[in-house]
Amino acid sequence: MSFKALSQPINFEQVKSLSKLTPDQEKLKAVRDQELKNIIEGKSQKILLVIGPCSAHNEEAVMEYVTRLAKLQEKVQDKIFMVPRVYTNKPRTNGDGYKGLLHQQNPEGESNLIKGIAAVRSLHNRVISETGLTTADEMLYPENLEFVQDLVSYIAVGARSVEDQQHRFVASGIDQPTGMKNPTSGNLNVLFNSLYAAQQKQEFIFNGLEVETSSNPLAHVVLRGGLNEYSENIPNYHYEDLLKVVALYKAGNYKNPFIVIDTNHDNSGKQYKEQVRIVKETLINRSWNQDMKKWVRGFMIESFLESGRQEADGKVFGQSITDPCLGWAETEELVYYIAENA
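Residues numbered from 1 in each chain as written. Predicted model: local features only at pLDDT ≥ 70, side-chain atom pairs only at ≥ 80, totals over all residues. Heavy atoms only, no water.

Looking at an unreviewed UniProt entry, the chain carries the name Phospho-2-dehydro-3-deoxyheptonate aldolase, with the source organism given as Candidatus Enterococcus lemimoniae. Listed in UniProt under the heading Pathway (unreviewed entry), the comment for the chain reads: "Metabolic intermediate biosynthesis; chorismate biosynthesis; chorismate from D-erythrose 4-phosphate and phosphoenolpyruvate: step 1/7." (UniProt positions renumbered as here; feature names shortened; annotations may be inferred.)

(A) Spatial organisation of the overall build of the chain. For the chain, the count of helices and strands is 11 helices and 12 strands. In summary, the chain has a C-alpha radius of gyration of 19 Å against a globular reference of 20 Å for 342 residues, a match within 12%. Taking the principal axes of its C-alpha atoms as reference, the chain extends roughly 55 × 50 × 45 Å. Burial statistics for the chain: of 342 residues in total, 54% are counted as buried. Taking the contacts inside the chain whose residues are at least 6 apart along the sequence as the reference set, 68% of them involve residues at least 24 apart. In the form shown here, the chain has an accessible surface area of approximately 15500 Å², with 49% of it arising from carbon and sulfur atoms. Looking at the chain, you have 38 positive and 44 negative side-chain charges, and the mean spots of the two groups are 3 Å apart. (Helix = DSSP H or I, 4+ residues; strand = E, 2+ residues; numbered from the N terminus. Rg over C-alpha atoms; globule rule 2.2 N^0.38 Å. Buried < 20%, exposed > 50% of the residue type's maximum accessible area, 1.4 Å probe, protein only. Contact = heavy atoms within 4.5 Å. Areas by Shrake-Rupley, 256 points an atom, 1.4 Å probe, with all protein chains shown as cover. Lys, Arg positive; Asp, Glu negative; His and termini not counted. Charge placed at Lys NZ, Arg CZ, Asp CG, Glu CD.)

(B) The sheet that holds strand β12 (residues 296-302), seen in detail. Taken in spatial order, the eight strands of this open sheet run β2-β1-β12-β11-β8-β5-β4-β3, and their pairing is parallel. Two strands close off the open sheet at either side, each with one partner strand: β2 (80-84) and β3 (135-138). Ignoring which end each strand starts from, the neighbouring axes of this sheet average 25° apart. As judged from the four bridges shared by β3 and strand β4 (residues 152-157), these two strands associate in the parallel manner. Among the inter-strand pairings, A136 is bridged to a residue of β4, identified as Y154. In this fold helix α4 (residues 113-131) packs onto β2, β3 and β4, with an angle of close to 155° to the strand it touches most, β3. (Pairing = 2+ DSSP bridges. Axes fitted to C-alpha atoms, helices over the stretch in contact; angles between N-to-C directions.)

Structure, rendered in structure tokens:
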């Protein structure tokens, strides 16, 4: 049993020089980051949408999608703030399958993580420079955070990662809003333990250094449903579920209570068209409870150019090769609905 080195030690400063933001792009990102911070802190009542493909497996398809999204954002900017999902690392339940752009720049090709770092930075940079939007990515590997932290506006910690101490502690040092998903079991106490850890200062070893984190007051909960012992879906977006989450926020000393509903995964049972119904039900639920209206102001929506999914060797431009997604026409209609009814 051993680890075989496939590259020389990675120079983080050299990595950050790849696809570096220009001063004008840095200013644009700072404006977007401040608006997003205002939403999480409750200074703005806009609805946050973290929206886009399940995985960013095709750069040109992602760019076509975010170009359309940027035009749509202009039309709903008074009510909605959109952060496109550019998820470049994919968790795999048993370790097999497509692991994301970082691993494979071609879903059918060999893994090359050094080339993957450059590809990931290039894609996040293109979104900013060509559309004016800033992006979200998932922190699947905490050690890799430094590869993208200067380029992204939102970071997600997934259901399989949220119970891990390193993910929790690294999340406590992130400047960006960080969505902590409930674990696959759906256990809310585990979720709030993770949130508490992310909102405190922590000391630990990170990338070879002893560090102390700042704490992350912008960390918040993301409800994505769960699975019971029979592998049956247990959604957690219904009214009674949201009441429990509101009560847990009130019972603890948490900063900036904010709730995001993940409309796919175990909330929809990966029945991607159900995302529309889940959003509409949540908007109705918000109208019945003032705490919900104040705190439930975010959705994660899986959406791409074409609806559904295909296998990794599929040739449909803009269709997911991981979880099935809403198509563009359905997405556009849903965004307008949110803007009119939030």
